[in-house]
Amino acid sequence: MKKVILITGAARGIGRGMVEELSKNREYIIIANYNKSEEEAIKLKKRIGENIEIYKADVTNKIEIEDMINYIIDKYGKIDVLINNAGISQIKMFNDITEQDWNNMITTNLTSAFFTTKAVISNMIHNKNGCIINISSIWGMVGGSCEVHYSAAKAGLIGMSKALAKELGPSNIRVNIVAPGDIDTDMNKELSVESIQEIKEGTPLRRIGKPIDIARCVKWLIEDEFTTGQVVSPNGGWVI
Ligand code: NAP
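A brief look at the structure comes next. (Residues numbered from 1 in each chain as written. Predicted model: local features only at pLDDT ≥ 70, side-chain atom pairs only at ≥ 80, totals over all residues. Heavy atoms only, no water.)

### Digging into the pairing of strand S3 (residues 52-56)
In this sheet, S3 lies alongside strand S2 (residues 28-34) in parallel orientation, the contact comprising five bridges. Bridge pairing in S3 links Ala-32 to Ile-54. Crossover connection from S2 via helix H2 (residues 38-48) to parallel S3: handedness right-handed. (Pairing = 2+ DSSP bridges. Helix = DSSP H or I, 4+ residues; strand = E, 2+ residues; numbered from the N terminus. Right-handed = clockwise from strand over helix to strand, strands pointing away.)

What follows is the structure, encoded as structure tokens:
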């Protein structure tokens with residue numbers, strides 16, 4: 001039976017890397033969620049072909065999330081894998097973070113995972129099968145200067161995932177966290193050449209990551225059957 005996989009924020013960056021890697025397995029049906037990047041989503045669908053569907057929904061909107069997940073369950077009967085990847089970042093001194101910045105960050109990066117998980121969980125428990133992968137960040141593990149709200153949201157995802165792993169393990173649902181280091185996507189397009197050079201020099205593997213580095217890790221977590229509640233951090237050794 002084919003595995004049904006939902007990836008949020010999948011039209012570009014790390015999410016698109018996951019779609020490209022996972023769609024090589026014709027036993028997977030991938031629902032690639034997007035919000036603003038419609039053009040990129042359509043291009044991706046055209047390029048990958050049959051085993052992906054694209055679906056527009058804003059992960060901060062509970063109703064749109066529920067509609068998307070109900071659509072998938074009505075059509076395929078199940079969701080085997082939920083990957084909460086959609087996210088935003090912002091670099092600001094703590095003193096300059098407004099209440100609106102804080103709320104945006106927490107809603108997009110953390111509450112969104114609460115909405116998606118709530119919407120899929122009855123189906124996963126009923127099927128006694130499920131895999132949830134939450135994309136956090138090294139800053140959720142060690143804290144990032146000038147990214148306090150981002151670090152708080154990403155640390156929240158780690159706590160949420162570990163607690164869920166304990167609660168849902170008896171229902172054969174695994175919940176894991178992938179916490180990438182710096183990855184070459186639009187999220188880092190503001191970084192100067194000097195900053196990128198500094199990151200490379202501070203990284204034992206002497207490079208920043210690519211979306212495929214995260215996609216390979218996710219692929220392994222989907223296929224593995226005995227890992228739950230763990231933080232896996234592909235970061236080139238930047239954080240050890
Ligand atoms: P990106 O290139 O900026 O892409 C962000 C993705 O999130 C886009 O696909 C975007 O979709 C989606 N998104 C944002 N807000 C959304 C919303 N309200 N509803 C639905 N989708 C939304 O970033 P990325 O580097 O691929 O990041 C992906 C994940 O990895 C994020 O959670 C990020 O925090 C995490 N991460 C990234 C890095 C890094 O260095 N790049 C490191 C650690 C962790 P649309 O464009 O369609 O709106």
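Text resumes after the structure shown.
### Brief notes about the sheet that holds strand S4 (residues 81-84)
Read from one edge to the other, the open sheet built from seven strands follows the order S3-S2-S1-S4-S5-S6-S7, with strand pairing classed as parallel. The open sheet terminates on both sides in strands that have one partner only, identified here as S3 and strand S7 (231-232). Bridge analysis of strand S6 (residues 173-178) against S7 gives two bridges, and the strand direction is parallel. Along S7, the bridge assignment pairs Ile-177 with Val-231. H2 contacts S2 and S3 of the sheet and is inclined by roughly 170 degrees relative to S3. Docked against the sheet, helix H3 (residues 62-76) engages strand S1 (3-7), S2 and S3, running at close to 150 degrees with respect to S3. (Contact = heavy atoms within 4.5 Å. Axes fitted to C-alpha atoms, helices over the stretch in contact; angles between N-to-C directions.)

### What to know about the site of the ligand
Within the structure, the ligand sits among 30 residues, and Ile-14, Ser-37, Asn-85, Tyr-150 and Thr-185 are positioned closest to it. In the model, an oxygen atom of the ligand is placed 2.8 Å from a nitrogen or oxygen of the Ile-183 main chain. Out of a free accessible area of 890 Å², the ligand has 94% covered by protein chains. When residues of the shell around the ligand are traced back to their parent elements, those giving at least two are helix H1 (13-22), S2 and helix H6 (148-168). Considered class by class, the residues forming the shell around the ligand number 10 nonpolar, 14 polar and six charged. (Near = heavy atom within 4 Å. Polar contact = N/O pair within 3.5 Å; in protein donor to acceptor, adjacent residues only side chain to side chain. Areas by Shrake-Rupley, 256 points an atom, 1.4 Å probe, with all protein chains shown as cover. Nonpolar A, V, L, I, M, F, W, Y, C, P; charged D, E, K, R; others polar.)

### Comments concerning helix H4 (residues 99-127)
With 29 residues, H4 should cover 42 Å at 1.5 Å per step; its first-to-last C-alpha distance of 40 Å lies within 8% of that length. Where H4 bends most, the angle comes to about 40 degrees, and this point is Thr-107. Residue Lys-128 follows H4 closely and has a positive phi angle near 50 degrees. (Expected span 1.5 Å × (residues − 1). Bend = angle between axes of the 7 residues up to and from the residue.)

### Points about the packing of aromatic side chains
In total, this model carries three aromatic pairs according to the counting rule given. Note on Tyr-55 and Tyr-71: the rings are 5.3 Å apart at their centroids and 40 degrees apart in plane angle, and the pair reads as tilted. Of this pair, Tyr-55 sits in strand S3 while Tyr-71 is found in helix H3, placing the two residues 16 residues apart along the sequence. With centroids separated by 6.2 Å and ring planes inclined at 50 degrees, the aromatic side chains of Phe-114 and Phe-115 adopt a geometry described as tilted. (Phe/Tyr/Trp six-rings, centres within 6.5 Å; stacked < 30°, edge-to-face > 60°.)

### Re a nonpolar patch on the surface
On the surface, Phe-94, Trp-102 and Val-148 cluster together into a nonpolar patch covering about 290 Å² of accessible area. As for its placement among the helices and strands, Phe-94 is situated in the loop between S4 and H4. For Phe-94, a relative accessible area of 54% puts it in the exposed group. (Patch = residues over 30% accessible without salt bridge, like charges linked within 9 Å, V, L, I, M, F, W, Y side chains within 5 Å. Salt bridge = Lys/Arg side-chain N within 4 Å of Asp/Glu carboxyl O. Buried < 20%, exposed > 50% of the residue type's maximum accessible area, 1.4 Å probe, protein only.)

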